[in-house]
Amino acid sequence: MEKDIKEQINIINAKEDIKKLDLLYRKILDTDFSNEKSISLKEDIASQIDRKIVELMKEYHISNEEYSELIFENRDYKKIEKRTQQMAEDRYNMIWENCSSKEIVDILRNSYSYTDEEIIEEFVDEEVREEIENYLLELTEREEAPKNVMLDNGYTFVFENGYYFSKMKEICEYSQDFARIPNGKEFAIITNAEVTKEAFLVKCDHNIEIVFNFLNQNSNEMETYKTNVFNMNKINSKEELIEKMKENLEKFEKEYNKLEQDEENMEVE
């Protein structure tokens, strides 16, 4: 039974190979060369392909009638390729005629696997190019936002709730957007490996507030130790934001650790 199934699979694979080899044979014959050695190589390759097709037909008992059915579409491959190319060009032109520059970026990036560099090259106007470059940076930020960034002080940073740096900047620049954000909304978090201390970045009027939390060993719950407010408009990159949070976190930690030590000393006394 298993042998029969394997044989059927081999026949199916052989037929697929014959279709591909036949198409390759036709394309090679239709390729024009001017150099004599290239022409000779073309004839040699075509002959090898032809022999391989015959071998497969004999080995898997594929009749001439079956062969004709297999390669039926190959006879019109030029027409099919031309039609496909024309449809692709029409689709391309339609995208450029009916979509905004950002929509074009999304389509090229997500549907056709264009790299960011290739997308930028598609646009000629310098102002539009600059707009596209900024938009691509924003897209990259969105994609990288959920990723943890390991800091050299042993903490990790990650944006929360789908936020990312450009979005935060935009919210800070347009104050009316704050009205739509719940109080205490967490934009990002820095935390240590044991999750015994956390620094949240939260909404605070038109500025941003860091809330430093620590794990209360008695209640086993996070409690707020200190907060710090700063102007987001003075921060111009995700790296600057992380550095700002890191600086505050280290300052909070130093103060909190001193407080803990003082309490321990008092207990000893």
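Residues numbered from 1 in each chain as written. Predicted model: local features only at pLDDT ≥ 70, side-chain atom pairs only at ≥ 80, totals over all residues. Heavy atoms only, no water.

Visitor: Explain the sheet that holds strand β5 (residues 207–216) here, please?
Guide: As a general point, the strands of a sheet are linked pairwise by backbone hydrogen bonds and lie either parallel or antiparallel. The six strands lie next to each other as β1-β2-β3-β4-β5-β6, forming an open sheet whose pairing is antiparallel. Here the strands that pair on one side only, and so sit at the sheet edges, are β1 (149–150) and β6 (221–230). Sheet topology places strand β3 (residues 186–192) next to strand β4 (residues 197–204); five bridges connect them, and they run antiparallel. Bridging across to β4, Thr191 finds its partner in Glu198. (Pairing = 2+ DSSP bridges. Helix = DSSP H or I, 4+ residues; strand = E, 2+ residues; numbered from the N terminus.)

Visitor: Can you walk me through the nonpolar core in this structure?
Guide: Buried together is how nonpolar side chains tend to be arranged in soluble globular proteins. Within the largest apolar cluster, 30 residues are counted, with the highest numbers of intra-cluster contacts made by Leu201 and Leu241. When contributions to this core are tallied by element, the ones reaching two or more residues are β2 (155–159), α8 (165–173), β3, β4, β5 and α9 (238–268). Per-element tally for this core: the top contributor is α9, with six residues. Not counting the four nearest positions on each side in its chain, Leu241 is found in contact with Phe157, Phe159, Phe165, Met168, Leu201, Phe230, Met232 and Ile235. Of all hydrophobic cores here, the second largest spans 14 residues; its members include Ile49, Leu56, Tyr60 and Ile62. (Core = buried A, V, L, I, M, F, W, Y, C linked by side-chain atoms within 4.5 Å. Buried < 20%, exposed > 50% of the residue type's maximum accessible area, 1.4 Å probe, protein only. Contact = heavy atoms within 4.5 Å.)

Visitor: Help me understand the packing of helix α4 (residues 77–98) against helix α5 (residues 101–111), please; the structure alone is not making it clear to me.
Guide: The geometry of α4 relative to α5 is characterised by a closest axis approach of 8 Å and an angle of 150° between their N-to-C directions. If you check the angle between α4 and α5, you find them roughly antiparallel. Every residue of α5 that contacts α4 at Arg91, Ile95, Trp96 and Asn98 is listed here: Glu103, Ile104 and Ile107. Across the contact of α4 with α5, the residue classes tally to four nonpolar, one polar and two charged. (Axes fitted to C-alpha atoms, helices over the stretch in contact; angles between N-to-C directions. Parallel < 35°, antiparallel > 145°, perpendicular 65-115°, else oblique. Nonpolar A, V, L, I, M, F, W, Y, C, P; charged D, E, K, R; others polar.)

Visitor: Please clarify how the pattern of salt bridges should be interpreted in this entry.
Guide: Any two side chains of opposite charge can pair, on the condition that their charged atoms come close. With the rule as written, the count across this model stands at 13 salt bridges. A salt bridge links Asp116 to Arg109, with the shortest nitrogen-to-oxygen separation between them at 3.1 Å. Arg109 gets classed as buried once you look at its relative accessible area, which sits at 16%. Among the ionic pairs, Lys197 bridges to Glu253, the shortest N-O distance being 4.0 Å. Of the two residues, Lys197 sits in strand β4 while Glu253 sits in helix α9, which places them 56 residues apart along the sequence. Both residues of the pair, Lys197 and Glu253, belong to the buried class. Linked by salt bridges that have partners in common, Arg109, Asp116 and Glu143 make up one network. (Salt bridge = Lys/Arg side-chain N within 4 Å of Asp/Glu carboxyl O.)

Visitor: It is not clear to me how the side chain of Glu253 should be interpreted in this structure. Could you clarify?
Guide: Judged by relative accessible area, which is 18%, Glu253 ranks as buried. The contacts of Glu253, once residues within four sequence positions are left out, are Tyr155, Lys197 and Phe212.

Visitor: Would you mind showing me how to read unusual backbone geometry here?
Guide: What is expected of a backbone is that most residues other than glycine have negative phi and most peptide bonds are trans. Not every positive phi belongs to a glycine, and His61 is a case in point at roughly 55°. With respect to the helices, strands and loops of the structure, His61 is situated in the loop between α2 (36–59) and α3 (64–70). Positive phi is not limited to glycine here, since Ser113 has a value of about 55°. With respect to the helices and strands, Ser113 occurs in the loop between α5 and α6 (116–122).

Visitor: Any chance you could explain α5 here in plain terms?
Guide: An α-helix turns once every 3.6 residues. As a result, residues three or four positions apart point the same way. Three or more residues of α5 are buried, namely Ser101, Ile104, Val105, Ile107, Leu108 and Arg109. The secondary structure elements touched by the buried residues of α5 are α4, α6 and α7 (126–144).

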